[in-house]
Amino acid sequence: MTLDLFDDIDPIPAAHEPLCDGAMVLRHFARLEAGNILADVEAIAQKAAFRRMETPGGLRMSVATTSCGNVGWVSDRRGYRYDSIDPVSGQPWPRMPESFFALAGRAAALAGFDGFAPDACLINRYDPGAKLSLHQDKDERSLDHPIVSVSLGMSAMFLFGGMKRSDSAMRIPLMHGDVVVWGGPARLRYHGVLPVKEKPHSLTGSRRINLTFRKAM
Ligand SMILES: O=C(O)CCC(=O)C(=O)O
Ligand SMILES: [Fe+2]
């Protein structure tokens, strides 16, 4: 047997790394569930395909996105917003699997945010070279709830900055199964992802999948 076979079932103890007041990395937290999450993501993408959205400024995002939940995150020439209808399919977004909801709630609680009840899950797909520029997550109606971010597949360098775009940013390597939670005093911290390098993963191939759970409405 090769080490690869054990790769995704080895119960590596979770390690919690505080980043700052209100933000924490939960290493390996989603690792055991990763295969199931990815299967659910595939089913969601059958109904609401990954697409590279246009920014209000008219640029095409390098990251391909879709959503599940009561509302999904949408970007176009009119701006950023949450919408209950997928503009591509014309249908409501696929339901958020119960297991997603539960995972996000457990991660948030571990980071000190009890009772997190996300109504939106934005799913990002990064092909090699895709990136996400520094930004704040601020399209949610209330900022009283944390963001829970689950990383799967290829690893990436996450940037976690300050309250101003120009503040220097920490560089945090995120691996398959790692979860980041930020809320409270850290809720509006700028963050982003450096261009993803190609290092194929056994479960996703040359892709990184990231899920961010939000209480949007
Ligand atoms: O891919 C990531 O790790 C971060 C995603 C993110 O910041 C977002 O979707 O708003
Ligand atoms: Fe974000």
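What counts, and where the lines are drawn
- Residues numbered from 1 in each chain as written.
- Chains lettered and ligands numbered in written order.
- Predicted model: local features only at pLDDT ≥ 70, side-chain atom pairs only at ≥ 80, totals over all residues.
- Heavy atoms only, no water.
- UniProt positions renumbered as here; feature names shortened; annotations may be inferred.
- Helix = DSSP H or I, 4+ residues; strand = E, 2+ residues; numbered from the N terminus.
- Buried < 20%, exposed > 50% of the residue type's maximum accessible area, 1.4 Å probe, protein only.
- Pairing = 2+ DSSP bridges.
- Polar contact = N/O pair within 3.5 Å; in protein donor to acceptor, adjacent residues only side chain to side chain.
- Contact = heavy atoms within 4.5 Å.
- Disulfide = S-S within 2.5 Å.
- Donors = N, O, S within 2.8 Å, 3.2 Å for Na, K, Ca; no water.
- 1 Å grid on protein atoms, 1.4 Å probe; cavity = no way out; pocket = protein on both sides within 12 Å on 5 of 7 lines; lining within 4 Å.
- Points joined across faces, edges and corners; volume = space filled by probe spheres on them.
- Nonpolar A, V, L, I, M, F, W, Y, C, P; charged D, E, K, R; others polar.
- Phe/Tyr/Trp six-rings, centres within 6.5 Å; stacked < 30°, edge-to-face > 60°.
- Lys NZ or Arg CZ within 6 Å of the ring centre and 35° of its normal.
- Axes fitted to C-alpha atoms, helices over the stretch in contact; angles between N-to-C directions.

Draft legend 1. Layout of the UniProt feature "domain: Fe2OG dioxygenase" (unreviewed entry) in the chain. Under the feature "domain: Fe2OG dioxygenase" (unreviewed entry), the UniProt entry names residues 117–217. Along residues 117–217 the backbone is 0% helical and 42% strand, and the end-to-end C-alpha distance reaches 11 Å.

Draft legend 2. View of the pairing of strand 2 (residues 23–27). Counting buried residues along strand 2, five of its five residues qualify, which places the element largely inside the surrounding structure. Here strand 2 shows two buried faces, one formed by Ala23, Val25 and Arg27 and the other by Met24 and Leu26. By the bridge criterion, five bridges tie strand 1 (residues 15–20) to strand 2 in an arrangement that is antiparallel. By the bridge assignment, Pro18 is partnered in strand 2 with Met24. Connecting the antiparallel pair strand 1 and strand 2 is a turn made up of two residues, with Gly22 showing a positive phi of about 95 degrees. As paired elements, strand 2 and strand 11 (residues 179–182) share four bridges and run antiparallel to each other. In the strand pairing of strand 11, Ala23 is matched with Trp182.

Draft legend 3. Looking closely at the side chain of Thr66. With respect to the helices and strands, Thr66 occurs in strand 3 (residues 64–69). By relative accessible area, which is 0% here, Thr66 ends up buried. Reaching out from Thr66, the side chain makes a polar contact with the backbone oxygen of Ala48 at a distance of 2.7 Å. Leaving out residues up to four positions away in the same chain, Thr66 has contacts with Ile44, Ala48, Ala49, Phe50, Arg51, Trp93, Cys121, Leu122 and Ile123.

Draft legend 4. Geometry of the state of the cysteines. Taken as a whole and assessed by the stated rule, the structure comprises zero disulfides. The thiol of Cys121 is unpaired, and the distance to the nearest cysteine sulfur, on Cys68, comes to 4.2 Å. Accessibility expressed as a relative area gives 0% for Cys121, which makes it buried.

Draft legend 5. Structural view of the coordination of the iron ion (ligand 2). With distances of 2.0 to 2.2 Å, the protein atoms coordinating the iron ion (ligand 2) are His135 (NE2), Asp137 (OD) and His191 (NE2). In primary-sequence terms, the residues that donate to the iron ion (ligand 2) follow H-x1-D-x53-H. Of the two residues, His135 sits in strand 7 (residues 132–135) while His191 sits in strand 12 (residues 191–193), which places them 56 residues apart along the sequence. Relative accessible area serves as the criterion here: at 22%, His135 is assigned to the partly exposed category. Note on His191: relative accessible area 4%, which makes it buried.

Draft legend 6. Summary view of the layout of surface pockets. Taken as a whole, the largest pocket spans an internal volume of roughly 710 Å³. Lining the largest pocket are 33 residues, with Met61, Tyr80, Leu132, Ser133 and His135 positioned closest to its centre. Residues that form the lining of the largest pocket fall into these classes: 13 nonpolar, 11 polar and nine charged. In terms of lining residues, the second largest pocket is bounded by Leu38, Ala39, Val41, Glu42, Ala45, Phe50, Arg125, Leu203, Thr204, Arg207 and Ile209. Ranked by residues supplied to the lining of the second largest pocket, first place goes to helix 2 (residues 34–47) with five residues.

Draft legend 7. Fine view of the packing of aromatic side chains. Within the structure shown, the criterion is met by five aromatic pairs. Taking 6.0 Å as the distance between ring centres and 90 degrees as the angle between the ring planes, the aromatic pair formed by Phe100 and Phe213 counts as edge-to-face. With Phe100 in helix 3 (residues 98–110) and Phe213 in strand 13 (residues 208–214), this pair connects stretches of sequence that are 113 residues apart. An aromatic cluster of at least three residues, connected via ring pairs, comprises Phe158, Phe160 and Trp182. Here the guanidinium or amino end of Arg208 rests over the ring plane of Tyr126, the centre of that ring lying 4.9 Å away.

Draft legend 8. Broad picture of the sheet that holds strand 10 (residues 170–174). Ordered in space as 7-12-9-10, the four strands form an open sheet in which the pairing is antiparallel. The outermost strands of the open sheet, each flanked by one partner alone, are strand 7 and strand 10. Neighbouring strand axes in the sheet, compared pairwise and without regard to direction, differ in orientation by 20 degrees on average. With five bridges joining them, strand 9 (residues 156–160) and strand 10 adopt antiparallel strand pairing. Across the sheet, residue Met157 finds its bridge partner in strand 10, namely Pro173.

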